[in-house]
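Here's the letter readout for the chains.
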Amino acid sequence: MKLFDIITDTKILKQISEEVTLPLSKEDEELVLDMVEYLRASQDEELSEKYNIRPGVGLAAIQLGIKKRMLAVCLVEEKKTTSYALVNPVIVSHSVRECFLNTGEACLSVPIDVDGYVYRPYKVTIKAYDAITKKKVTIKARGYLSIILQHEMDHLDGILYYERIDKKEPFRLRQGAEVI
Ligand code: NI
């Protein structure tokens, strides 16, 4: 497993990442696959303690200081693990219905959690190249996975989750929004 230094410098994080050339270079492929492995290890109690890393379910290349439109997701659940190593992801459609995490979002690049609800579309359809399956994929995600993917895609555009929190009323409830 490769250990990464996660960037917290907002000057770097605010940059807009650039499209990646396909077919993927060996270097880019290794990087995005290593990012998935990093996330997987971060959710393993023993490994996260051993390496002193925070558990995470998503990571974008810009969080490593690499300005490329690549992101990793690794969601380990009781019965299945969902992982993606996405290159040039695009949201092609989303629901009008919104959702939010009742615990609020967090980010490996934001050392101190910012409280408040982040509203995002409940469902999204994303097209991308996936370095795990080595195919162009269309992902239909809802709920938690949809939130993770949208949070990571925000990173590609230099947006951090707390920018989406209502500063005056961080816990304002929006009608019809799904609580995740
Ligand atoms: Ni993040």
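Bear in mind that the values here come from a model prediction, so they are computed numbers and not experimental data.

Here we look at the overall build of the protein chain
Then, in step 1: What the protein chain contains, in helices and strands, is four helices and eight strands.
Then, in step 2: For the protein chain, the α and β elements follow one another from N to C terminus as α-α-α-β-β-β-β-β-β-β-α-β.
Then, in step 3: Over its C-alpha atoms, taken along the principal directions, the protein chain stretches across nearly 45 × 40 × 35 Å.
Then, in step 4: Taking all 180 residues of the protein chain together, the buried fraction comes to 47%.
Then, in step 5: Sequence-distant contacts, at least 24 apart, represent 73% of the contacts inside the protein chain between residues at least 6 apart.
Then, in step 6: Entry remark: accessible area of the protein chain is about 10,100 Å², with carbon and sulfur atoms responsible for 50%.

So, the coordination of the nickel ion
Then, in step 1: Taken together, Cys 107 (SG), His 151 (NE2) and His 155 (NE2) make up the protein donors of the nickel ion, found 2.1 to 2.2 Å from the metal.
Then, in step 2: Counting residues between consecutive donors of the nickel ion along the chain gives the motif C-x43-H-x3-H. Residue Cys 107 is located in the loop between strand S4 (98–100) and strand S5 (120–121), and its partner His 155 is located in helix H4 (residues 143–156); the two are separated by 48 residues in the primary sequence. For the pair Cys 107 and His 155, one class covers both residues: buried.

Topic: the environment of Val 114
Then, in step 1: Examined against the element boundaries, Val 114 turns out to sit in the loop between S4 and S5.
Then, in step 2: Using a relative accessible area of 30% as the deciding quantity, one classes Val 114 as partly exposed.
Then, in step 3: In the structure, Val 114 is positioned 99 residues away from Gln 15 in sequence and 21 Å away in space, judged by C-alpha atoms.
Then, in step 4: In this structure, Val 114 is in contact with Glu 105, Tyr 161, Tyr 162 and Ile 165, ignoring residues within four places of it in sequence.

Remarks on unusual backbone geometry
Then, in step 1: For the peptide bond that leads from Leu 22 to Pro 23, omega is -5 degrees, which places it in the cis range.
Then, in step 2: Mapped onto the elements of the fold, Pro 23 is located in the loop between helix H1 (10–13) and helix H2 (26–42).
Then, in step 3: Positive phi values are uncommon outside glycine, yet Lys 134 reaches one of about 55 degrees.
Then, in step 4: By the secondary structure assignment, Lys 134 is in the loop between strand S6 (123–130) and strand S7 (135–142).

Regarding H4
Residues separated by three or four positions in an α-helix point in the same direction, a consequence of the helix having 3.6 residues per turn.
Then, in step 1: In a regular helix each residue adds 1.5 Å, so 14 residues correspond to 20 Å; H4 covers 21 Å between its end C-alpha atoms and thus fits that length.
Then, in step 2: Among the 14 residues in H4, 13 count as buried, and that is most of the element.
Then, in step 3: Downstream of H4 by a residue or two, Gly 158 has a phi angle that is positive, lying close to 75 degrees.

Topic: the pattern of salt bridges
Then, in step 1: Scanning all chains against the criterion turns up 14 salt bridges.
Then, in step 2: Arg 174 serves as the salt-bridge partner of Glu 98, at 2.7 Å between the closest nitrogen and oxygen. Of the two residues, Glu 98 sits in strand S4 while Arg 174 sits in the loop between H4 and strand S8 (178–179), which places them 76 residues apart along the sequence.
Then, in step 3: We classify Glu 98 as partly exposed; its relative accessible area is 22%.
Then, in step 4: Where Glu 105 meets Arg 120, a salt bridge forms, and the shortest distance between an N and an O atom there is 2.8 Å. Here Glu 105 is found in the loop between S4 and S5, whereas its partner Arg 120 is found in strand S5, with 15 residues between them in sequence.
Then, in step 5: Within this structure, Glu 105, Arg 120, Asp 154 and Arg 164 form a network of salt bridges that share partners.

Rules of the game
- Residues numbered from 1 in each chain as written.
- Predicted model: local features only at pLDDT ≥ 70, side-chain atom pairs only at ≥ 80, totals over all residues.
- Heavy atoms only, no water.
- Helix = DSSP H or I, 4+ residues; strand = E, 2+ residues; numbered from the N terminus.
- Buried < 20%, exposed > 50% of the residue type's maximum accessible area, 1.4 Å probe, protein only.
- Contact = heavy atoms within 4.5 Å.
- Areas by Shrake-Rupley, 256 points an atom, 1.4 Å probe, with all protein chains shown as cover.
- Donors = N, O, S within 2.8 Å, 3.2 Å for Na, K, Ca; no water.
- Expected span 1.5 Å × (residues − 1).
- Salt bridge = Lys/Arg side-chain N within 4 Å of Asp/Glu carboxyl O.

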